[in-house]
Amino acid sequence: MTTNAKLIITPKTKILELIEAYPQLENVLVEFAPAFKNLKNPVLRRTVAKVASLQQAAAIGNVAVGTLVNRLRKEVGQDLFSGGTDTTYNTTQPAWFNADKVVTVFDARDMLAAGEQPVNRVIADLAAMKENEIYSLLAPFLPAPLIDKALSLNIQHWVAKTDGDEVTVYFFKAETPRTTER
């Protein structure tokens, strides 16, 4: 088997790096996650594809990251990947969820369909949230990079499936533990 030394494909490989090194793999990504057909849009290619990893793409496509990485590696003649770095997102309704605490509802479908990227708006909205508030995001696919960014900001999430492939992601800003002075 001949190994292409351009780029070794791993779960951390960014989508843009992958399709620049191996343009033929774009169709394989679309096969795993139909939402990636939007990569043909130049704006999404420059934004989402630049930050989304194969690990996140696997989550969007609802497949094991090893399965996706190995399929891509096989297509370009690389040895199979044996590591396990699946990320799981919370799909069970959490105790903190209360529909009365939803203060913002944002439907990103039209924005994404127009080739615009809602990440900056959503992150700004999440940063402005007060403690114990919930933000609702409706998207045509699992926005894995956005959820990962929210997690890095200590914002919890719950992914609720809606019709078809669409999802509603609820983001929750928990109370910051108060320290008592002595």
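Going by the structure above, here's the rest.
Keep in mind it's a predicted model, so treat the numbers as computed, not measured. Per chain, residues are indexed from 1 in the order of the written sequence. Local features in a predicted model are, by the rule used here, given only for residues with pLDDT of at least 70; side-chain atom pairs are given and counted only at 80 or more, and totals for whole chains, interfaces and linings are based on all residues. Note that the side-chain values use all heavy atoms of the structure and ignore hydrogens as well as water.

Student: What's the story with the packing of aromatic side chains in this structure? I'm lost.
Tutor: Within 6.5 Å between ring centres, the rings of Phe, Tyr and Trp (the latter by its six-membered ring) count as paired, and their orientation is classed by plane angle as stacked under 30 degrees, edge-to-face over 60, tilted in between. According to the stated counting rule, one finds five aromatic pairs in the structure shown. Relative to Phe171, the ring of Tyr135 has its centre 6.4 Å away and its plane inclined at 55 degrees; by these criteria the two rings are tilted. In this pair, Tyr135 sits in strand S2 (residues 134–139) while Phe171 sits in strand S4 (residues 167–172), placing the two residues 36 residues apart along the sequence. Accessibility classification places Tyr135 together with Phe171 in one group, the buried group. On the basis of an interplanar angle of 20 degrees and a centroid distance of 5.1 Å, the ring pair of Trp158 and Tyr170 is categorised as stacked. Strands here mean DSSP runs of E at least two residues long; helices mean DSSP runs of H or I at least four residues long; both are numbered from the N terminus. For every residue, the accessible area (1.4 Å probe, protein chains only) is compared with the maximum for its type, and the residue is labelled buried under 20%, exposed over 50%, or partly exposed between those bounds.

Student: What is the right way to look at the packing of helix H7 (residues 119–128) against helix H8 (residues 144–152) in this model?
Tutor: Packed helices, taken two at a time, are described by their axes: the angle between them and the distance between them. Where H7 contacts H8, the two axes come as close as 11 Å, and the packing angle between them is 25 degrees. Comparing their axes, H8 and H7 come out roughly parallel. Judged by the sense of rotation from one axis to the other, the crossing of H7 with H8 is right-handed. Of H8, the residues touching H7 (which contributes Val119, Val122, Ile123 and Leu126) are Leu146, Lys149 and Ala150. Lys, Arg, Asp and Glu make up the charged group, whereas Ala, Val, Leu, Ile, Met, Phe, Trp, Tyr, Cys and Pro make up the nonpolar group; the residues left over, Gly among them, are polar. Residues of the contact of H7 with H8, tallied by class, amount to six nonpolar, no polar and one charged. Throughout, an axis means a line fitted to C-alpha atoms (over the contacting stretch in the case of helices), and angles, computed between N-to-C directions, take values from 0 to 180 degrees. Just so you know how the angles are binned, under 35 degrees is roughly parallel, over 145 roughly antiparallel, 65 to 115 roughly perpendicular, and the rest oblique. Left-handed describes a crossing in which the near helix is turned anticlockwise from the far one by less than a right angle; the clockwise case is right-handed. In what follows, residue pairs with any heavy atoms lying within 4.5 Å of each other are defined as contacts.

Student: Got a minute to help me understand the layout of surface pockets in this structure?
Tutor: Rolled over the atoms, a probe sized like a water molecule indicates the empty space that remains. In this analysis the probe radius is 1.4 Å and the grid spacing 1 Å, with only protein atoms considered; a cavity is a set of points the probe fits into but cannot get out of, a pocket is an open set with protein on both sides within 12 Å along at least five of seven lines, and lining residues have an atom within 4 Å of a point. Grid points are joined across faces, edges and corners, and a volume is the space filled by probe spheres set on the points. Roughly 230 Å³ of volume is contained in the second largest pocket. Along the walls of the second largest pocket sit 16 residues, with Val48, Gln117, Pro118, Val119 and Leu146 positioned nearest its centre. If you list the elements that add at least two residues to the lining of the second largest pocket, you get helix H3 (42–51), S2 and H8. Partitioning the lining of the second largest pocket into residue classes produces 14 nonpolar, two polar and no charged.

Student: I tried to follow helix H4 (residues 54–61) on my own but got confused; where do I start?
Tutor: Along an α-helix, a turn takes 3.6 residues, which lines up residues three or four apart on a common side. Within H4, eight of the eight residues are buried, leaving the element largely enclosed by the surrounding structure. Leu54, Gln55, Gln56, Ala57, Ala58, Ala59, Ile60 and Gly61 are the residues of H4 that are buried. Contact partners of the buried residues in H4: helix H1 (15–21), helix H2 (26–32), H3, helix H5 (65–76) and H8. Backbone geometry just after H4 places Asn62 at a positive phi near 55 degrees.

Student: Explain the packing of H4 against H8 to me, please; I cannot follow it from the model alone.
Tutor: At a closest axis distance of 9 Å, the pairing of H4 and H8 adopts a crossing angle of 115 degrees. From H4, Gln56, Ala59 and Ile60 reach across to H8, where they touch Ala144, Pro145 and Asp148. Looking at the contact of H4 with H8 residue by residue, the class counts come to four nonpolar, one polar and one charged.

Student: What is the right way to look at the pattern of salt bridges in this model?
Tutor: Pairing between side chains of opposite charge can happen when the charged atoms of each approach one another. For this document, the term salt bridge refers to a Lys or Arg side-chain nitrogen within 4 Å of an Asp or Glu carboxyl oxygen. This structure, assessed with the given rule, holds five salt bridges. Among the ionic pairs, Glu166 bridges to Arg109, the shortest N-O distance being 3.1 Å. Within this pair, whereas Glu166 is found in the loop between strand S3 (156–161) and S4, its partner Arg109 is found in helix H6 (residues 109–113), the two being separated by 57 residues in sequence. For the salt bridge of Arg121 with Asp125, the shortest nitrogen-to-oxygen distance reads 3.7 Å. Pair noted here: Arg121 and Asp125 are both in helix H7, with a separation of four residues, about one helical turn. Ionic contacts of the salt-bridge type, sharing partners, join the residues Glu31, Arg71 and Glu75 into one network.

Student: What am I meant to see in the nonpolar core here?
Tutor: As a rule of thumb, soluble globular proteins bury nonpolar side chains together. Formed by 53 residues in total, the largest nonpolar core has its most connected members in Ile9, Ile15, Leu29, Leu54, Leu72, Leu126 and Phe171. Those residues in contact with Phe171, other than ones at most four positions away along the chain, are Trp96, Leu126, Met129, Glu133, Ile134, Tyr135, Leu137, Ile147, Ala150, Ile155, Gln156 and His157. Put simply, buried Ala, Val, Leu, Ile, Met, Phe, Trp, Tyr and Cys residues joined by side-chain atoms within 4.5 Å make one nonpolar core. One finds Trp96, Phe97, Ala160 and Phe172 within the second-largest nonpolar core, a separate group that totals seven residues.

Student: Sorry, what's going on with unusual backbone geometry here?
Tutor: Keep in mind that most residues, glycine aside, have a negative phi and that most peptide bonds are trans. With a phi angle near 70 degrees, Asn132 is a residue other than glycine that sits in the positive phi range. Residue position: Asn132 is located in the loop between H7 and S2. Given the relative accessible area of 26%, Asn132 is considered partly exposed. A positive phi angle, near 65 degrees, is found at Asn154, a position not held by glycine. Within the secondary structure, Asn154 sits in the loop between H8 and S3.

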